[in-house]
Amino acid sequence: MAENMAKPPTSASILVVGGGISGITTALEAAEVGYDIILIEKEPSLGGRVAQLKYYFPKLCPPTCGLEINYRRIKNNKKIKVYTLAEVEKVTGNPGDYEVTIRLNPRYVNENCTCCGECEKASRAEIPNEFNFEMDKTKGAYLPHQMAFPARYVISQQIIGTDDAKRCQDACQYNAIDLTMETKTITIKVGAIVWATGWVPYDATRIDNLGFGRYDNIITNMMMERLAAINGPTQGQIQKPSDGKAPESVAFVQCAGSRDENHLPYCSYICCMASLKQATYIREQLPDAKIYIFYIDLRAPGYKYEKFYAKLKEDKNVFMIKGKVAEVQETDDNRITVIAENAVTGEKIKQTVDMAVLATGMQPQTSLAKLPADLTYSEDGFIINDFEKGGMFAAGCANKPADVITSNQNATGMALKAIQTLVRR
Ligand SMILES: Cc1cc2nc3c(=O)[nH]c(=O)nc-3n(C[C@H](O)[C@H](O)[C@H](O)COP(=O)(O)OP(=O)(O)OC[C@H]3O[C@@H](n4cnc5c(N)ncnc54)[C@H](O)[C@@H]3O)c2cc1C
Ligand code: SF4
Ligand code: SF4
């Protein structure tokens, strides 16, 4: 037992930071065996990145399935207290006995909200919608997304103090908008902390040779998820950003920023499967579209993923090309020419398509800003689990790039580690 574990735990509660699928899983697994959980999420809704996906591989079911079951479990469990718009400011103490200061940012909407939408209709402001990677806009009052949990509107910080905020308040018949709400801090005692702070898409504008941000018809894989999603900016229609027309050909550029010493040196694990899945989105809507997948290695680990890959290969209009993309160019009519070297034949390939999707990888949220706690990080910014020290653990993509199944397994394991911290005497 580590020296700092000598004292018995002073709190039987567990703090889970991050309300994506990993944090939700840790919270539920620990709560359902009787532990008190405080689950905090910095955004106005739980769900994390999974809420942005159209479908999950390998089964291709919408994320609503998994998330809604989990939300029901949370609602039915009095052991879990959820705070959204919440972030940790400070952690002091040792395993079994932490004091944590949490900042609660104002939503300006209270629990009276019925989601009637009148405030949204009244607002005249137009704010880029981050949930949809700014491919559309929200109003100054908005529901974070259709699957939001809690299902409650938010007033954007950007309209506070303006006439627009007043218009929203006047439109609300339920006394749900309170523009005087302020940032608050609370201090809690917990015995263990699980950090499930997840990942962010690698910033594609930094990959200079791949043209994102310069050419309209180059998007990222996460943008493709939102474009194809029925609750996305185009109501699920896959279309070229330049003219809103359906593409007749699409290229996927694998390892966009991953496995590259200048960007993310590691394999992001999920982006091969994500592109294979997105090829099925295109096929579902556009039966004749040609799909080109440029890869260094195609990684489809395990039986189910291998089967998914094998099925897609049967499609005569899907072309898998082993070759790293070196450059992209834009034609005069806004098409995209992808230039790669075929790794099998050595030939230079030039393929012109209507649209290209960059399979950008995962960067840990903690590589952008370290957490206010005594944690150890890998060179790439993932949290390293120090089981000898104990007390604080990283779950899901905060610890490594992972798919949902692996994140869930890992998050369940970290629930157990947190529980072990509390029961040690
Ligand atoms: C294009 C693409 C498609 C994918 N498709 C699939 C698929 O089909 N099937 C599959 O299995 N996997 C898929 N994945 C992978 C999947 O998205 C991840 O496995 C999953 O998001 C991991 O969940 P997580 O909870 O660990 O992280 P996240 O989803 O990132 O959740 C982390 C949460 O923590 C919150 N947070 C961060 N920092 C703080 C903080 N300081 N305080 C409070 N809250 C914080 C965030 O706001 C977020 O809600 C895909 C990934 C990509 C890139
Ligand atoms: S804040 Fe008021 S007006 Fe807006 S959705 Fe909720 S109940 Fe309706
Ligand atoms: S999963 Fe595929 S695309 Fe993603 S980094 Fe690994 S090899 Fe490259």
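In what follows, the structure referred to is the one given above.
A short tour of the structure in this document, coming up. (Residues numbered from 1 in each chain as written. Chains lettered and ligands numbered in written order. Predicted model: local features only at pLDDT ≥ 70, side-chain atom pairs only at ≥ 80, totals over all residues. Heavy atoms only, no water.)

## Description of the overall build of the protein chain
Keep this limit in mind: Runs of E in the DSSP output that reach at least two residues are strands. Runs of H or I that reach at least four are helices, and both are numbered from the N terminus. For a compact globule the rule gives 2.2 Å times the number of residues to the power 0.38, and the radius of gyration it is set against comes from C-alpha atoms. Residues count as neighbours in contact if any of their non-hydrogen atoms are within 4.5 Å of one another. Only the protein chains shown count as cover for residues, and the accessible areas themselves come from Shrake-Rupley with a 1.4 Å probe. For the purpose of charge, His is not counted, nor are the chain termini; Lys and Arg are scored as positive and Asp and Glu as negative. To locate a charge, the coordinates of NZ of Lys, CZ of Arg, CG of Asp or CD of Glu are taken.
On a plain count of helices and strands, the protein chain comes out with 9 helices and 24 strands. In terms of C-alpha radius of gyration, the protein chain reaches 23 Å, essentially the compact-globule figure of 22 Å for 425 residues. Along the first, second and third principal axes, the C-alpha set of the protein chain runs to 65 × 60 × 35 Å. Counted over contacts in the protein chain with a minimum sequence separation of 6, partners at least 24 positions apart contribute 67%. Put simply, the protein chain shows about 19400 Å² of open surface, and 47% of that area lies on carbon and sulfur atoms. When the 49 basic and 50 acidic side-chain charges of the protein chain are each reduced to a single mean position, those positions are 5 Å apart.

## A short note on the pattern of salt bridges
Between side chains of opposite charge, pairing is possible as soon as their charged atoms come close. Note the threshold: Definition used for salt bridges: Asp or Glu carboxyl oxygen within 4 Å of a side-chain nitrogen of Lys or Arg. For each residue, the accessible area found with a 1.4 Å probe, counting protein chains only, is set against the maximum for its type, and the residue is called buried under 20%, exposed over 50%, and partly exposed in between.
Considering all chains together, one arrives at 21 salt bridges under this definition. Put simply, D297 and R299 hold a salt bridge, and the shortest N to O gap is 3.7 Å. The class for D297 is partly exposed, based on a relative accessible area of 26%. Three or more residues are tied together by salt bridges with common partners; here these are R259, D297, R299 and K322.

## Quick notes on the site of ligand 1
Just so we agree on the cut-off: In this text, near means that some heavy atom of the residue lies within 4 Å of the molecule or strand in question. Identification of polar contacts relies on pairs of N or O atoms within 3.5 Å, with a donor-acceptor requirement for protein atoms, meaning one able to donate a hydrogen and the other able to accept it, and with residues adjacent in sequence counted only if both atoms are side-chain atoms. Under the scheme applied, nonpolar residues are Ala, Val, Leu, Ile, Met, Phe, Trp, Tyr, Cys and Pro; charged residues are Asp, Glu, Lys and Arg; polar residues are all the others, including Gly.
Taken together, the neighbourhood of ligand 1 is formed by 39 residues, with S22, E41, F57, A402 and V404 sitting nearest. Measuring from an oxygen atom of ligand 1, one finds a backbone N or O atom of I21 at 3.2 Å. The separation between an oxygen atom of ligand 1 and a polar main-chain atom of C397 is 3.0 Å. Elements that contribute at least two residues to the shell around ligand 1 include exactly helix 1 (21–31), strand 4 (86–94), helix 5 (221–228), helix 6 (271–285) and helix 9 (404–423). For the shell around ligand 1, a count of residues per class yields 19 nonpolar, 12 polar and 8 charged.

## Examining the site of ligand 3
By nearness alone, every residue bordering ligand 3 is listed as Q254, C255, S258, R259, C267, S268, Y269, I270, C271, C272, D297 and R299. Listing elements by their share of the shell around ligand 3, those giving two or more residues are strand 14 (249–256) and helix 6. Considering only residue class, the shell around ligand 3 consists of 6 nonpolar, 3 polar and 3 charged.

## Here we look at the nonpolar core
One recurring pattern in soluble globular proteins is that nonpolar side chains are buried together. Put simply, the rule is: Residue types Ala, Val, Leu, Ile, Met, Phe, Trp, Tyr and Cys, when buried and joined through side-chain atoms within 4.5 Å, form a set referred to as a nonpolar core.
I14, I37, I282 and F294 are the most contacted members of the largest nonpolar core, which has 98 residues in total. Element by element, the count of residues in this core is highest for helix 6, at 8 residues. Not counting residues within four places of it along the chain, the set of residues in contact with I14 comprises A30, Y35, D36, I37, I38, V190, A192, V194, A418, I419 and L422. I102, I188, I193 and W195 belong to the second-largest nonpolar core, a separate cluster that totals 23 residues.

## As for the sheet that holds strand 17 (residues 325–330)
The test is simple: Any two strands between which DSSP finds at least two bridges are classified as paired. Axis definition: a line fitted to C-alpha atoms, limited for helices to the stretch in contact. Angles are taken between N-to-C directions and run from 0 to 180 degrees.
The strand order 17-18-19 describes an open sheet built from 3 strands, whose pairing is antiparallel. Here the strands that pair on one side only, and so sit at the sheet edges, are strand 17 and strand 19 (348–353). Neighbour-to-neighbour, the strand axes of this sheet turn through a mean angle of 20°, independent of strand direction. Where strand 18 (residues 336–341) lies against strand 19, 6 bridges are found, and the strand directions are antiparallel. Each bridged residue has a counterpart across the sheet, and for I339 the counterpart in strand 19 is K350.

## Things to note about helix 2 (residues 64–75)
Spelled out, the test is: A helix is expected to span 1.5 Å multiplied by its residue count minus one. In this context, the arc is that of the directions from the helix axis out to the C-beta atoms.
An ideal rise of 1.5 Å per residue puts 16 Å on 12 residues; helix 2 measures up with 16 Å between its terminal C-alpha atoms. Within helix 2, the full set of buried residues consists of L67, N70, Y71 and I74. Buried positions in helix 2, seen along its axis, are confined to an arc of 105° and lie on one side of it. At its buried positions, helix 2 is contacted by helix 1, strand 2 (36–40) and strand 3 (80–83).

## What to know about the packing of helix 1 against helix 2
Quick note on the threshold: For this classification, under 35 degrees means roughly parallel, over 145 means roughly antiparallel, 65 to 115 means roughly perpendicular, and everything else is oblique. Each crossing gets its handedness from the near helix: less than a right angle anticlockwise from the far helix is left-handed, clockwise is right-handed.
Put simply, helix 1 and helix 2 touch, their axes get as near as 11 Å, and they point 40° apart. Relative to helix 2, the element helix 1 is oriented oblique. In terms of crossing hand, the pair formed by helix 1 and helix 2 is left-handed. Here helix 1 contributes I21, I24, L28 and E29 to the contact with helix 2, which in turn contributes L67, N70, Y71, R73 and I74.

## A closer look at the layout of surface pockets
To keep it simple, the criterion reads: Within this scheme a cavity is a closed region of a 1 Å grid, computed over the protein atoms alone, that accommodates a 1.4 Å probe without allowing it to escape, whereas a pocket is open but has protein on both sides within 12 Å along at least five of seven lines; lining residues each have an atom within 4 Å of a point. Grid points are joined across faces, edges and corners, and a volume is the space filled by probe spheres set on the points.
Taken as a whole, the second largest pocket holds about 590 Å³ of empty space. Lining the second largest pocket are 18 residues, and of these V82, Y83, T84, R107 and R152 sit closest to its centre. Looking at the lining of the second largest pocket, the element that brings in the most residues is strand 3, giving 3 residues. Its residues assigned to classes, the lining of the second largest pocket shows 9 nonpolar, 3 polar and 6 charged.

## Observations regarding the packing of helix 1 against helix 9
Running from N to C, helix 1 and helix 9 point in directions that differ by 40°, and their axes come no closer than 8 Å. By the angle class used here, helix 1 and helix 9 are oblique. Between helix 1 and helix 9 lies a crossing whose hand is right-handed. Where helix 1 approaches helix 9, its residues I21, S22, T25, T26, E29 and A30 are matched on the opposing element by V404, S407, N408, A411, T412, A415 and I419. Residues belonging to the contact of helix 1 with helix 9 are distributed by class as follows: 6 nonpolar, 6 polar and 1 charged.

## Topic: the side chain of N385
Along the chain, N385 falls in the loop between strand 23 (383–384) and strand 24 (392–394). In terms of polar contacts, N385 uses its side chain to reach the backbone amide nitrogen of A394, at 2.6 Å.

## A look at the sheet that holds strand 2
Strand order in the open sheet formed by 5 strands is 3-2-1-11-24, with parallel pairing between adjacent strands. At either end of the open sheet lies a strand with only one pairing partner, and these are strand 3 and strand 24. In this sheet, neighbouring strand axes are inclined to one another by 15° on average, regardless of whether the strands run parallel or antiparallel. When strand 11 (residues 192–195) meets strand 24, the two strands line up parallel, connected through 3 bridges. Each residue of the ladder has a partner; that of W195, found in strand 24, is A394. Helix 9 contacts strand 1 (13–17), strand 11 and strand 24 of the sheet and is inclined by roughly 175° relative to strand 24.

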